[in-house]
Amino acid sequence: MPHRPYVIDELISAKAIAARIEHLAREISQVFEDTDKLVVVGLLRGSFVFIADLVRELKLPVEVDFLEASSYGNAMESSREVRIFKDLRGTIEGRDVLVVEDIIDTGHTLAHVNDYLKTKHPARMKTIALLDKPARREVDFKADWIGFEIPDEFVVGYGIDFAQRDRNLPHIGKVRFTDDAK
């Protein structure tokens, strides 16, 4: 395996993530219990593991779609310029929608996506993020559900990457740079 100039310290275990998702899915299922089908919109790429586990726990008929938006690229800091690279394949007009994000940092991405999707006239739309980093918030946006609030640390794992690495970790870990990275 190639050397990486950082180590990853476990922040949230796979077991804690699974338990939290089970709890969140029960709440979401109650809120949308009267829906004929919930359109679960995952924000690529970081949310794909979270969305897969979440939809398996929902006690609702679901349809899954994806939107790719980013303000990061390969950087550790948000550029604050949100770009949509891939739009939804289906329609959400008049439908119940749950937008799934991996992490809310500055808030720019989810706020932009939320405003964008509202222009498509969903019946109801709610948001969920696995992680929330409120210390970094620059935009007044709060998701309807949060998995975990975390400190201002750069994290990877469970679908979240650093320059397209470490998405496959089963837990959330914080990145700590080693001396040879400097």
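Owing to the predicted nature of the structure, the values given are computational and were not obtained by experimental measurement.

K.L.:
Just checking my understanding: could you explain the sheet that holds strand β8 (residues 155-156) for this structure?
P.N.:
Across a sheet, strands are paired by hydrogen bonds formed along the backbone, either parallel or antiparallel in direction. Pairing in this open sheet of three strands is antiparallel, and the strands run β1-β9-β8 from one edge to the other. Each edge of the open sheet is held by one strand with a lone partner, namely β1 (6-12) and β8. The pairing of β1 with strand β9 (residues 172-177) spans six bridges and is classified as antiparallel. Across the sheet, the residue bridging to Y6 is F177, located in β9.

K.L.:
I keep staring at the packing of helix α1 (residues 14-31) against helix α2 (residues 48-57) and nothing clicks. Help me out?
P.N.:
The description of two packed helices rests on the angle between their axes and on the distance between the axes. Between α1 and α2, the least distance of the axes is 9 Å, while the angle of their chain directions is 55°. Between α1 and α2, the crossing angle belongs to the class labelled oblique. Seen from above, α1 lies across α2 with right-handed handedness. The segment α1 lies against α2, with I21, E22, A25 and I28 engaging F50, D53, L54 and E57. Tallied by class, the residues present in the contact of α1 with α2 amount to five nonpolar, no polar and three charged.

About the criteria used
Residues numbered from 1 in each chain as written. Predicted model: local features only at pLDDT ≥ 70, side-chain atom pairs only at ≥ 80, totals over all residues. Heavy atoms only, no water. Pairing = 2+ DSSP bridges. Helix = DSSP H or I, 4+ residues; strand = E, 2+ residues; numbered from the N terminus. Axes fitted to C-alpha atoms, helices over the stretch in contact; angles between N-to-C directions. Parallel < 35°, antiparallel > 145°, perpendicular 65-115°, else oblique. Left-handed = near helix turned anticlockwise from the far one by under 90°. Contact = heavy atoms within 4.5 Å. Nonpolar A, V, L, I, M, F, W, Y, C, P; charged D, E, K, R; others polar.

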